[in-house]
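Structural overview
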Amino acid sequence: GAGVSQSPRYKVAKRGQDVALRCDPISGHVSLFWYQQALGQGPEFLTYFQNEAQLDKSGLPSDRFFAERPEGSVSTLKIQRTQKEDSAVYLCASSSRPGGMDAGYTFGSGTRLTVV
Amino acid sequence: GQQVMQIPQYQHVQEGEDFTTYCNSSTTLSNIQWYKQRPGGHPVFLIQLVKSGEVKKQKRLTFQFGEAKKNSSLHITATQTTDVGTYFCAAQTGANNLFFGTGTRLTVIP
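The structure reproduced in this document is the subject of the present report. Given the structure is predicted, the values throughout are model-derived calculations rather than measurements.

Procedures and definitions
- Residues numbered from 1 in each chain as written.
- Chains lettered and ligands numbered in written order.
- Predicted model: local features only at pLDDT ≥ 70, side-chain atom pairs only at ≥ 80, totals over all residues.
- Heavy atoms only, no water.
- Disulfide = S-S within 2.5 Å.
- Helix = DSSP H or I, 4+ residues; strand = E, 2+ residues; numbered from the N terminus.
- Buried < 20%, exposed > 50% of the residue type's maximum accessible area, 1.4 Å probe, protein only.
- Polar contact = N/O pair within 3.5 Å; in protein donor to acceptor, adjacent residues only side chain to side chain.
- Contact = heavy atoms within 4.5 Å.
- Pairing = 2+ DSSP bridges.
- Axes fitted to C-alpha atoms, helices over the stretch in contact; angles between N-to-C directions.

Formally, a disulfide is one covalent bond, and it connects the sulfur atom of one cysteine to the sulfur atom of another. Within this structure, the stated rule accounts for two disulfides over all chains. Across a sulfur-sulfur distance of 1.8 Å, C23 of chain A and C92 of chain A are joined as a disulfide pair. Judged by the sign of its S-S torsion, about -65°, the cystine formed by C23 of chain A and C92 of chain A is left-handed. Remark: C92 of chain A occurs in strand β9 (residues 88-95) and C23 of chain A occurs in strand β3 (residues 19-24); sequence separation between them is 69 residues. What makes C23 of chain A buried here is its relative accessible area of 0%. Classification of C92 of chain A by relative accessible area gives buried; the value is 0%. In this model C23 of chain B forms its disulfide with C89 of chain B; the gap between the sulfur atoms is 2.0 Å. The disulfide joining C23 of chain B to C89 of chain B has a torsion of about 75° about its S-S bond and is therefore right-handed. Of this pair, C23 of chain B sits in strand β3 (residues 19-25) while C89 of chain B sits in strand β9 (residues 85-92), placing them 66 residues apart in sequence.

Let us now look at the side chain of S31 of chain A. Residues and elements named next belong to chain A. Secondary-structure assignment places S31 in strand β4 (residues 31-37). Relative accessible area serves as the criterion here: at 0%, S31 is assigned to the buried category. At 3.4 Å, the side chain of S31 forms a polar contact with the side chain of Y48. Among the polar contacts made by the side chain of S31, one reaches the main-chain carbonyl oxygen of R97 at a distance of 2.6 Å. Apart from the residues within four sequence positions on either side, S31 is in contact with Y48, F49, R69, A93, S94, S95, R97, P98, G99 and G100.

What follows is about the sheet that holds strand β8 (residues 71-76) of chain B. All names here are of chain B. Taking strand neighbours across the sheet as the criterion, the five strands line up as β1-β3-β8-β7-β6 in an open arrangement whose pairing is antiparallel. Pairing within the sheet leaves two strands with one partner each, and these edge strands are β1 (4-7) and β6 (55-58). Neighbour to neighbour, the strand axes of the sheet diverge by 15° on average, direction disregarded. Note: strand β7 (residues 61-65) against β8, five bridges, orientation antiparallel. The partner of T62 across the bridge, within β8, is H75.

If you want it as structure tokens, here you go:
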């Protein structure tokens, strides 16, 4: 597609529930990033994929967070046993360059997760 | 880890006034990017600066990269209500991702 598509747009989860957030990057973009943005804050890096390889997951806050991109296109961010502190907007971005170096990122509209 | 600080955190200006936000890093940066995020929206890429001392312009927006590649600024001339939003700088130090600054939230009073 023309842009980065994320779904769902909004998700309300009960504490302890598992959630899965989907990102469909721009076709052909090798790099895919997940960011977490808390209210009033800047985006915080979670993880990076180059094609299907997860090259950096240093930003994942706990082992409850898991991301995959099995065929090098669509990616899923899964959060197990959600906690209230997981409430945030989860942004996906893609880039045509490996590592996103020297290229702007194109962000999706995000998924706003609210854990109640 | 990498920290990129932005000042001011908030800025209220009268429509037609100028606006500047500053971005500072303690380490030398490979490049710096600027993004705009409208209220309720997502970050949108504005520009990238790579060279020491580089200056780029986009209509009323002027972007600068410091000589030491540790700081940057965004200046908007004669603000309009369409300029409302949060402006983020984002830095790459050679790693695989961008570190976003704390952002400056701009409010333009008509």
